[in-house]
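Coordinate inspection notes
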Amino acid sequence: MSGALSHIRVLDLSRILAGPWAGQMLADFGADVVKVERPGAGDDTRGWGPPFIKDSDGNAADAAYFHSANRGKKSIAIDMTQPEGQALIRRLAQEVDVVLENYKVGGLKKYGLDYESLKAVNPKLIYCSVTGFGQDGPYSQRAGYDFMIQAMGGLMSVTGEPDGQPMKVGVALADVMTGLYACNAVQAALLHRNETGVGQHIDMALLDVQVATLANQAMNFLIGGKVPGRLGNAHPNIVPYEAFATADGHVILAVGNDGQFAKFCDLAGAPELAKNPAFETNALRVENRTDLTPLVAELMLQHSSDWWLDTLSQHGVPSGPINTIDKVFENEQVVHRKMQVELDHPVAGKVPGVACPVKFSETPITYSSAPPTLGQHTDQVLSGLGLDEAQIAQLKQNKVIS
C-alpha cells in the first residue's frame, strides 16, 4: 500500500535537526526524499557521537544522532560550491515538488539555489527555508541554535527549579517543533498548489516557533500581565500537578479537575482536604498552592510508588511513573504501539529506530530503509536524471560528486 505522500518528491538540502526532521516526517508519510550532502563529510550529525552504529566488521559508522532524523531518505553527495554541482541540484529541483533548506539567509543565492532561482526553473515548487530568526528582521543574519533559541524564546525561563538556574529541555525541542511545523506547512502549501497550481516560499524561524509553543505560558502573561517563572515540576494553572516523593521513589500526580482531587483525597485517607474552603476548586488550589502542596506531599509519603500508581489508576486519578529511557522502551503500552522498529542498513545490517507516532488507517507508514550512508544513492539518482555511467564517472573524477 502506498504512503499518503507517495506522489510527492522532496529535495532535502538541510542539515542537523530541524530541516532533516521535517524531511524524515515527509519520508515517513511516503514521499520520495533525496538528501543532498557534502562529499567527504556529509551532514554534521553523522559525526555527533558516540554512540555510533557499527558496520559488519565492528567499526564505527554514523552517529546515533544522524539516525534520529534521516530514515527513509536517499543520500546523494554533491559539492554545491562547484558550478557543475549547482547545475545538478538545479536539475533535481526541476523534478521535485518540495525543497527543504536551512542555510543562513541568502546563503544559497550565490550558488543559484535560492527560492527565486529555483522558482524560475520550477514555478510550482514549494521551497521551505528554516533559519534561526527568519528571512527578515534585525536578527535575520544571525546564526540560531536550539539552545540559544530556548533561552531567547522564554522556554528556559519557565524550566527548572524556582531557586535554581534556568534549564533547557533535555532534547532540542525548538528544532524538533520547527521540523514539525515545517512539515505541516509544506503539506498545506501542497494542498494550496493543488487548488491553484501555484508554488510558494515558506519562511520558518526557530525563534518564531519557540514563541508560538510557549502555549499557555504565553497566554498567562498576555492576559494576566504577570511574568511566569520557574516552578520545577509544578504546573502554573493546575494544582496538585507535579512530581511527589513516595515511600520508595517518586511519581507524577496530575489532578486535572475538582472531582479527581476529591477522589485523590479519599484514597489518601484525607477526604476533609477536598472540602476545605481554600481547596474546593482548582482556582483556589492554584491560589493557595503553597499551603496545599506540603499537605499532599505528606500524604504521598504514606505508600509506595507502585501502590499509588495502581490505586490511582484504578480510580481514574491521572498518575504515572518517571521512567528512564530504557524503561520507556520496555513499557507495555509503548511495546504494543510498536514505537521501536528495526530497519535495514547497508553496512550495519539491522539497526533500531524510533517509529513515527502517526497511525493512518488507510495509508499506514512503512519503514523502507534506515538512514542512508553518505552518497549511497548518488549513482541511482543521477541515472534517474538521464546521466550515463561515463558522465557519472567524470563527475566523480572531478570531485563534484561522491
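Before reading on, note that the structure itself is shown above.
We now turn to the structure provided with this report.

How each quantity is defined
Residues numbered from 1 in each chain as written. Predicted model: local features only at pLDDT ≥ 70, side-chain atom pairs only at ≥ 80, totals over all residues. Heavy atoms only, no water. Axes fitted to C-alpha atoms, helices over the stretch in contact; angles between N-to-C directions. Helix = DSSP H or I, 4+ residues; strand = E, 2+ residues; numbered from the N terminus. Parallel < 35°, antiparallel > 145°, perpendicular 65-115°, else oblique. Left-handed = near helix turned anticlockwise from the far one by under 90°. Contact = heavy atoms within 4.5 Å. Nonpolar A, V, L, I, M, F, W, Y, C, P; charged D, E, K, R; others polar. Polar contact = N/O pair within 3.5 Å; in protein donor to acceptor, adjacent residues only side chain to side chain. Core = buried A, V, L, I, M, F, W, Y, C linked by side-chain atoms within 4.5 Å. Buried < 20%, exposed > 50% of the residue type's maximum accessible area, 1.4 Å probe, protein only. Pairing = 2+ DSSP bridges. Phe/Tyr/Trp six-rings, centres within 6.5 Å; stacked < 30°, edge-to-face > 60°. Lys NZ or Arg CZ within 6 Å of the ring centre and 35° of its normal. Salt bridge = Lys/Arg side-chain N within 4 Å of Asp/Glu carboxyl O. Lys, Arg positive; Asp, Glu negative; His and termini not counted. Right-handed = clockwise from strand over helix to strand, strands pointing away.

**Side note on the packing of helix H1 (residues 18-28) against helix H6 (residues 173-196)**
- Where H1 contacts H6, the axes come no closer than 7 Å and their chain directions differ by 50°. The orientation of H1 relative to H6 falls into the category oblique. Relative to H6, the crossing made by H1 is right-handed. Counting all contacts with H1, which are made through Ala-18, Trp-21, Ala-22, Met-25 and Leu-26, the residues of H6 involved are Asp-175, Val-176, Thr-178, Gly-179, Leu-180, Ala-182, Cys-183, Val-186 and Gln-187.
- Residues that form the contact of H1 with H6 fall into these classes: ten nonpolar, three polar and one charged.

**Some words on helix H17 (residues 389-397)**
- Measuring from the backbone nitrogen of Ala-390 back to the side-chain oxygen at the start of H17 gives 3.2 Å, which picks out Asp-388 as the cap.
- One or two steps after H17, the chain reaches Lys-399, where phi turns positive at roughly 60°.

**Remarks on the nonpolar core**
- Counting residues in each nonpolar core, the largest one holds 31 residues, and the members touching the most others are Val-10, Leu-26, Val-98, Leu-100, Cys-128 and Val-186.
- Elements with a minimum of two residues in this core: H1, strand S6 (98-101), strand S7 (126-131), H6, strand S8 (200-205) and helix H7 (206-212).
- With six residues, H6 is the largest single contributor of residues to this core.
- In contact with Val-98, not counting residues within four places along its chain, are Ile-8, Arg-9, Val-10, Leu-11, Leu-125, Ile-126, Val-186 and Leu-190.

**Examining the environment of Ala-143**
- Mapped onto the secondary structure, Ala-143 falls in the loop between S7 and helix H5 (146-152).
- Spatially, the C-alpha atom of Ala-143 lies 7.0 Å from that of Lys-104, the residues being 39 residues apart in sequence.
- In this view, Ala-143 contacts Phe-133 and Met-148; residues no more than four positions away in its chain are not counted.

**Observations concerning the sheet that holds strand S11 (residues 319-321)**
- Judged by pairing direction, the sheet is antiparallel, and its three strands sit side by side in the order S9-S10-S11 without closing on themselves. A strand with exactly one partner marks an edge of an open sheet, and here the two such strands are strand S9 (241-245) and S11. If you compare each strand with its neighbour and ignore which way they point, the axes differ by 25° on average.
- In this sheet, strand S10 (residues 250-254) lies alongside S9 in antiparallel orientation, the contact comprising five bridges. Across the sheet, the residue bridging to Ala-245 is His-250, located in S10.

**Section: the packing of aromatic side chains**
- One pass over the structure, following the stated rule, counts six aromatic pairs.
- Between Trp-307 and Trp-308, the ring centres sit 5.0 Å apart and the planes meet at 85°, which makes this aromatic pair edge-to-face.
- Put simply, the rings of Phe-264, Trp-307 and Trp-308 pair up and form one aromatic cluster.
- One residue, Arg-142, lies across the ring of Tyr-139, its end atom 3.7 Å from the ring centre.
- Between the NZ or CZ atom of Arg-285 and the centre of the ring of Phe-261, over which it lies, the distance is 4.4 Å.

**Notes on the pattern of salt bridges**
- Scanning the entire structure with this criterion turns up 13 salt bridges.
- Of the charged contacts in the structure, one is a salt bridge between Asp-12 and Lys-73, with a shortest N-O distance of 2.9 Å. Of this pair, Asp-12 sits in strand S1 (residues 9-12) while Lys-73 sits in strand S5 (residues 73-77), and the two are 61 residues apart along the sequence.
- One salt bridge connects Glu-37 with Arg-46, and the closest N-O pair in it is separated by 2.7 Å.

**So, the environment of Gly-269**
- Looking at the secondary structure, you find Gly-269 in the loop between helix H9 (258-267) and helix H10 (272-275).
- Residue Gly-269 is classed as exposed on the basis of its relative accessible area of 57%.
- Between the C-alpha atoms of Gly-269 and Asn-331, which are 62 residues apart in sequence, the distance is 30 Å.

**Here's the deal with the side chain of Asp-79**
- Looking at the element boundaries, Asp-79 is found in the loop between S5 and helix H3 (83-95).
- Arg-38 is the oppositely charged side chain nearest to the buried, salt-bridge-free Asp-79, at an N-O distance of 8.7 Å.
- Among the polar contacts made by the side chain of Asp-79, one reaches the side chain of Gln-82 at a distance of 3.2 Å.

**Considering the pairing of S1**
- Sheet topology note: the S1/strand S2 (residues 32-37) ladder contains four bridges and is parallel. Along S2, the bridge assignment pairs Arg-9 with Asp-32.
- Running through H1, the crossover from S1 to the neighbouring parallel element S2 is right-handed.
- Sheet analysis places S1 next to S6, joined by three bridges and oriented parallel. Note on S6: the bridge partner recorded for Leu-11 is Val-99.

All we've got here are geometric facts, nothing functional implied.
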